[in-house]
Amino acid sequence: MRVRRRPVPPADAPTVVDEELPPDTVVEEELVPPPPPEPPPRPLLWPWLLLLLALVIGGLVAAWLLTRDNSDKGASTVNVPNLVRLNQHVAVQRLRAKGLLAREITRTSTAAPGTVVAQSPQPGADLVRHSIVTLTVSAAQTAAVPGVVGQREAAAVSALRAKGFQVESATVVSNKPSGTVIAESPQPGSQVAQGSTVTIRVSRGLVTVPDTIGQSRNDALAAVRGAGLKAKAFLVPSSQPKGQVVSQKPQGGKRVPGGSPVRLNISSGSTAAVPPPPPPPAPPPPPPPTKPAMVAVPDVTGQQQDVAQKQLNSAGLKAGVVYVKSDEAQGTVVSQAPEAGSTQKRGTRIQLNVSLGPTPGTLKGVPDVRNLDASAARAKLTAAGFKVQTLPQGVTDPNQVGVVVDEQPAGGKNAPAGSVVTIYVGRSA
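The paragraphs below set out a description of the structure included in this document.

What counts as what
- Residues numbered from 1 in each chain as written.
- Predicted model: local features only at pLDDT ≥ 70, side-chain atom pairs only at ≥ 80, totals over all residues.
- Heavy atoms only, no water.
- Helix = DSSP H or I, 4+ residues; strand = E, 2+ residues; numbered from the N terminus.
- Buried < 20%, exposed > 50% of the residue type's maximum accessible area, 1.4 Å probe, protein only.
- Areas by Shrake-Rupley, 256 points an atom, 1.4 Å probe, with all protein chains shown as cover.
- Phe/Tyr/Trp six-rings, centres within 6.5 Å; stacked < 30°, edge-to-face > 60°.
- Lys NZ or Arg CZ within 6 Å of the ring centre and 35° of its normal.
- Pairing = 2+ DSSP bridges.
- Axes fitted to C-alpha atoms, helices over the stretch in contact; angles between N-to-C directions.
- Contact = heavy atoms within 4.5 Å.
- Core = buried A, V, L, I, M, F, W, Y, C linked by side-chain atoms within 4.5 Å.
- Arc of directions from axis to C-beta.
- Polar contact = N/O pair within 3.5 Å; in protein donor to acceptor, adjacent residues only side chain to side chain.

**Quick notes on the overall build of the protein**
Along its length, the protein carries 6 helices and 27 strands. By residue count, 34% of the 429 residues in the protein fall in the buried class. For the protein, the accessible surface area stands at approximately 25900 Å², while carbon and sulfur atoms represent 58% of it.

See below:
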């Protein structure tokens, strides 16, 4: 019997029976091979290219951020410039422009103060940015103040100027011969910056009071003033001719300090009875306790100039102001001499070296207001563009009470416009 071949159905297909074939017929089935599997999909390349591009761009940005610089782009090291003989402020600015830091030390030198005299590292060295360059800056030279007490004024001035000091003279009442130096400040032997001011006190000396009784008013005034004394005339009733000197005090022939007052009683020509004398004055109050002759110098460095002067005045000391170049704020006391903690005589002048500021402004000449009354002195200084501080100073000469006996900075010196000038007004000691 012929047999037909049928393809084998899938395993999950239902079984079909050919009912037309005899029951004993063998059916051969043809096996159909399964279709070949589909190939795997090819990987996508463009995401990897995008990732690689992003990494390259990130690396370039990071390299730029690490190597950039505001003043010299792209360089990791800089060449140290030559700064010797430059002003210290100019040298610091040049280092900053190169991306370097400055450390300043001072030492005495023949160069002008504030001049760079050495540097480390040397010019031409290559340094990493933000490295430190040490600048050695010339400091003001100091000298010992020579002792000039007892010398004549002209000789004392010459000796002080020969040492490089400025000299300020002030006349005072004394029984020493006229023109003799009786005190100086700072004290002899003190180490003070050259160019600083040394104040000397010069005696007015003793003069003989002329005898003016019987002279006319004008002749008596001329005689008293010609002797270096101050004449004060008063009209009094008298039988003597009008305008004639009838009495004086002190009496003629007496020796008194120069500049002392002389009272002249001048006849008014009236014969009216002289009024009875006034009642005797009340007894004077007991004298104040004696102040110590020696005082400790307070530390005023770092303070503003006017505050430092006020503190020295309260301690019984005087101040001498000298403006110097410094990076400190304008008006700040950067050093003092004699130094803080030392013991000095009451009335000693302490030199205050005051900063002109990192960027000094306009300097103006300080008007000389000594011997003016306080209100006139303040008006003159204010008109010149300065602020004014008023402090008291004890005086023994009654003619100095109420007038300016000292000013700092001194008249004729230069000071920053708008800075404080302190005037010292005399009051009874």
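Picking up where we left off.
**Points about the packing of aromatic side chains**
Scanning the model with the defined rule gives 0 aromatic pairs in all. The lysine or arginine in question, Arg 263, covers the ring of Phe 234, its NZ or CZ lying 3.9 Å from the ring centre.

**Looking at the environment of Ser 174**
Locating Ser 174 in the fold gives a position in the loop between β9 (166-172) and β10 (181-185). We classify Ser 174 as buried; its relative accessible area is 10%. The spatial distance from the C-alpha of Ser 174 to the C-alpha of Val 256 is 9.2 Å, given a sequence separation of 82 residues.

**Regarding the sheet that holds strand β12 (residues 197-203)**
Pairing within the open sheet is mixed, and its 3 strands lie in the order β9-β12-β10. Of all the strands in the sheet, just β9 and β10 have a single pairing partner and so form its edges. The mean inter-strand angle of the sheet, taken between neighbouring strand axes irrespective of direction, is 25°. Relative to β12, β9 runs parallel, the two being bridged by 7 bridges. Within the sheet, the bridge partner assigned to Val 167 lies in β12 and is Val 198. With respect to the sheet, helix α3 (residues 153-162) is in contact with β9, β10 and β12, its orientation differing from that of β12 by roughly 170°.

**Describing the pairing of strand β22 (residues 349-355)**
Of all 7 residues in β22, 7 are buried; the element is thus mostly enclosed. Side chains of β22 alternate between two faces, with Arg 349, Gln 351, Asn 353 and Ser 355 and Ile 350, Leu 352 and Val 354 buried alike. Bridge count between strand β19 (residues 318-324) and β22: 7 bridges; the pairing is parallel. Paired with Val 324 across the bridge in β22 is Ser 355.

**Side note on the sheet that holds β19**
Across a sheet, paired strands are connected by hydrogen bonds in the backbone, their directions being either parallel or antiparallel. Taken together, 3 strands build an open sheet; the order of strands is β19-β22-β20 and the sheet is mixed. This sheet does not close on itself; its edge strands, each paired only once, are β19 and β20 (333-337). On average, each strand axis in the sheet is tilted by 25° relative to the strand beside it, whichever way the strands run. Of the strand pairs in this sheet, β20 and β22 are connected by 4 bridges, and their pairing is antiparallel. Looking at the pairing, Ser 335 lines up with Asn 353 of β22.

**A few points about the nonpolar core**
Judged by nonpolar contacts, the single largest core of 31 residues is most densely connected at Leu 312, Leu 352 and Ile 423. Contributions of two or more residues to this core are made by α5 (305-314), β19, β22, α6 (374-383), β24 (387-395), β25 (404-408) and β27 (420-428). Per element, the largest residue contribution to this core is 4 residues, and it comes from β27. Apart from residues lying up to four places away in sequence, Ile 423 is in contact with Val 369, Ala 374, Ala 377, Arg 378, Leu 381, Val 388, Gln 389, Thr 390, Leu 391, Val 404, Asp 406 and Glu 407.

**A look at helix α2 (residues 88-97)**
Burial in α2 covers these residues: Gln 88, His 89, Ala 91, Val 92 and Leu 95. Buried residues of α2 fall within an arc of 160° about the axis and therefore sit on the same side. Two or three places before His 89, at the opening of α2, Asn 87 has a side-chain oxygen 2.9 Å from that residue's backbone nitrogen. Of the residues trailing α2, Gly 99 is marked for its positive phi of about 85°.

**A look at unusual backbone geometry**
With an omega of 0°, the peptide bond between Ser 120 and Pro 121 qualifies as cis. Mapped onto the elements of the fold, Pro 121 is located in the loop between β5 (116-120) and β6 (126-128). Omega for the bond connecting Gln 408 with Pro 409 falls within 30 degrees of zero, at 0°, which places this linkage in the cis form. Of note, Arg 85 is a non-glycine position whose phi angle comes to about 80°, a positive value. Looking at where Arg 85 falls in the secondary structure, it is placed in the loop between β3 (77-79) and α2. Judged by its relative accessible area of 68%, Arg 85 falls in the exposed class. For Asn 371, which is not a glycine, the phi torsion comes out positive at approximately 75°. Here Asn 371 shows up in the loop between β23 (363-365) and α6. The exposed category is assigned to Asn 371, whose relative accessible area is 65%.

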